[in-house]
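# Close look at the chain arrangement
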Amino acid sequence: MDNVRCEHCGRELPLNETLTIQDKHICKSCSDNYYSEQEGDQADAVQPQIDPNICFNCQKDNGSEPLPLLANLPICDQCAELYRNRPFPLWVKAFFAAVLALVIFSCIWNARFMRGYFAMNNAFEAFDVSEFEKAASLMQYASQDIPESADLQTLNCYFQGINYLHQDRSKEALALFQKCGSQLPPDYNLDFLILSAQIGVAFDEKDYDTFLKLALKMKNMNPQDQFSLGMVSSAYACKYAETGSEEYKTQALTNLEDAKKMAPENPDFLDYQQRILYRLHSREIITNDEFHKRFPNGWSQPEKEQ
Amino acid sequence: MFIIPGFVISIATFPGVIVHEVAHMLFCKLRRVAVLDVCFIRMGNPAGYVAHEEVEDFNTAFLISVGPFLVNSLLCMLICFPAFFPVRVFGLEHPLSYVLLWLGLSIGMHAFPSNQDAKLLYQQAQKAASSLNPLAIISFPLVVLIYIANILSFFWADLIYGVAIGLGLPALIF
């Protein structure tokens, strides 16, 4: 510790207890008296004295040895280490622990939304490559994970409906499509799908007049769609099978020819065409499954009829 | 223009102020820079501060100045993420999601370094640029960006930034 003599009262004091006023060492108790004796404001010239041998923080006396400076202040090694590695207050640690706990809890709590999102995306991908059963199963998984999402419930009905339609379960498909209401955007073609399901129901119930009426409606909606024309041909073929009227047969063949011209090499349509021709040939109306069971390698019209 | 006093915003988004100062202090600790005084949150301007010794090494000065930008941005993304799917993807309202969004966006809003941080960075960059420190050179446009961002905060740029990284970024990824 360094001592200096007050130039006002003459006492010897520790350096830290003095000020310099106009380059004179003055003790703190004399500073007020000293000021009153001076003329004008001398505040600018006042500086507190800092003993270079005493730690500014903990007041540890280092004897006559000056301490290292930290931010221009003498600081002992222990205090310097404390400043360099100042601990975070307990409440700050608690705050971060609470935030971390909240994030972890939320991630676990909301994991179902993430699962549902990825299941939904995978369902769309499966749908794009016509894997309808897989798409429907994934969408069901997503909708079960997030039951409060009305959009997902609608999409689930839509995907299940398409899957049923693909499996010729038109009645179930129709019920699901009707549940979708008006919540789907137009590019989901819900009207077309409802019509397809209604046609399927009419076919299953052997109501061929309704089948024909709906098939013609579908053709009007999609005049450039090969299967819409094929559907009309199929309906006329059913009417021919039912009544034996040659007029229906002619209509069936005309529409079939027009449909074929649209995409002559489409393998799906060629399969459909075989079924219609078989119906016209045998006047027997059988389901798609039955047809493939009977003719696993396809059916060809006898040569004399071609 | 809807103007809210700064201290009201600081109170409403206090987690962000705390995280901002914690980030400054964290980088001081990591780089063994003495922290002389720290205030994590208070009623006043600034709402928080970290007083540290003068730093000679530019990389350290850069980290201390830019630290809150990194830490606050990262935490904003992390906290908003669990709320992203229910709120943004499925449009579902849930109190927990709104707590997360408030917390995340509050923290994201305080990611911008302050003008004081920019000033210190500029002073240090001036010294370091003479030795062609690449980080110091890119710091000059960064300082300009910080000042612009702080001016634009008047027009809610800080909130827009928080929303962009908290909800916009996951939307770009997913």
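Model, not experiment: these values are computed from the prediction. (Residues numbered from 1 in each chain as written. Chains lettered and ligands numbered in written order. Predicted model: local features only at pLDDT ≥ 70, side-chain atom pairs only at ≥ 80, totals over all residues.)

### Focus on the domain arrangement of chain A
Residues and elements named next belong to chain A. Here chain A is partitioned into domain 1 (3–84), domain 2 (112–205) and domain 3 (209–306). The centre of domain 2, based on its C-alpha atoms, is set 27 Å off from the matching centre of domain 3. Class assignment for the residues of the side of domain 2 that touches domain 3 results in five nonpolar, one polar and one charged. (Domains from an automatic or database assignment. Nonpolar A, V, L, I, M, F, W, Y, C, P; charged D, E, K, R; others polar.)

### What to know about the interface of chain B and chain A
Many structure descriptions define interface size as the accessible area lost when the parts assemble. Between chain B and chain A, the contact holds 22 residues from the first and 23 residues from the second. When residues of the side of chain B that touches chain A are traced back to their parent elements, those giving at least two are helix H2 (14–30), strand E1 (35–39), helix H3 (58–89) and helix H4 (95–109) of chain B. With six residues, H3 of chain B is the largest single contributor of residues to the side of chain B that touches chain A. Here the residues of the side of chain B that touches chain A sort into 18 nonpolar, no polar and four charged. (Contact = placed C-beta atoms within 7 Å. Helix = DSSP H or I, 4+ residues; strand = E, 2+ residues; numbered from the N terminus.)

### Notes on the nonpolar core
One broad rule of soluble globular proteins: the nonpolar side chains tend to lie buried together. Ala123, Met139, Ala142 and Phe159 of chain A together with Cys76 and Cys80 of chain B are the most contacted members of the largest nonpolar core, which has 84 residues in total. Here this core spans two domains, since at least three of its residues come from each of domain 1 (3–84) and domain 2 (112–205) of chain A. (Core = buried A, V, L, I, M, F, W, Y, C linked by C-beta atoms within 7 Å. Buried ≥ 20, exposed ≤ 12 C-beta atoms within 10 Å, placed from the backbone.)

### Digging into the packing of helix H3 (residues 90–109) of chain A against H3 of chain B
The geometry of H3 of chain A relative to H3 of chain B is characterised by a closest axis approach of 9 Å and an angle of 30° between their N-to-C directions. As summarised for this structure, H3 of chain A and H3 of chain B are arranged roughly parallel, according to the angle between their axes. Crossing handedness for the pair H3 of chain A and H3 of chain B: left-handed. On H3 of chain B, the residues touching Val103, Ser106 and Cys107 of chain A of H3 of chain A are Leu78, Ile79 and Pro82 of chain B. Taken together, the residues that form the contact of H3 of chain A with H3 of chain B break down as five nonpolar, one polar and no charged. (Axes fitted to C-alpha atoms, helices over the stretch in contact; angles between N-to-C directions. Parallel < 35°, antiparallel > 145°, perpendicular 65-115°, else oblique. Left-handed = near helix turned anticlockwise from the far one by under 90°.)

### What about the sheet that holds strand E4 (residues 24–27) of chain A?
Residue and element names in this part refer to chain A. The three strands lie next to each other as E4-E3-E5, forming an open sheet whose pairing is antiparallel. Looking at strand neighbours, the two that pair on one side only are E4 and strand E5 (46–48), the edges of this open sheet. Between one strand axis and the next, the sheet turns by 35° as a mean value, whatever way the strands run. Note that strand E3 (residues 18–21) and E5 share three bridges and pair antiparallel. In the sheet register, Ile21 faces E5, and the bridge partner there is Val46. (Pairing = 2+ DSSP bridges.)

### Quick word on helix H9 (residues 208–221) of chain A
Residue and element names in this part refer to chain A. For H9, built from 14 residues, the straight-helix expectation of 20 Å at 1.5 Å per residue is met to within 8% by its first-to-last C-alpha distance of 20 Å. Taken together, the buried positions of H9 are Tyr208, Phe211, Leu212, Leu214, Ala215, Met218 and Lys219. Buried residues belonging to H9 abut helix H8 (190–204) and helix H10 (226–243). (Expected span 1.5 Å × (residues − 1).)

### Let's talk about H3 of chain B
All names here are of chain B. For H3, which comprises 32 residues, the first-to-last C-alpha distance of 43 Å matches the rise-based estimate of 46 Å (1.5 Å per residue) to within 8%. The sharpest bend along H3 measures roughly 55° and falls at Ala83, with the proline Pro86 sitting one to four residues further on. Following H3 by one or two positions, Gly91 has its phi on the positive side, about 60°. (Bend = angle between axes of the 7 residues up to and from the residue.)

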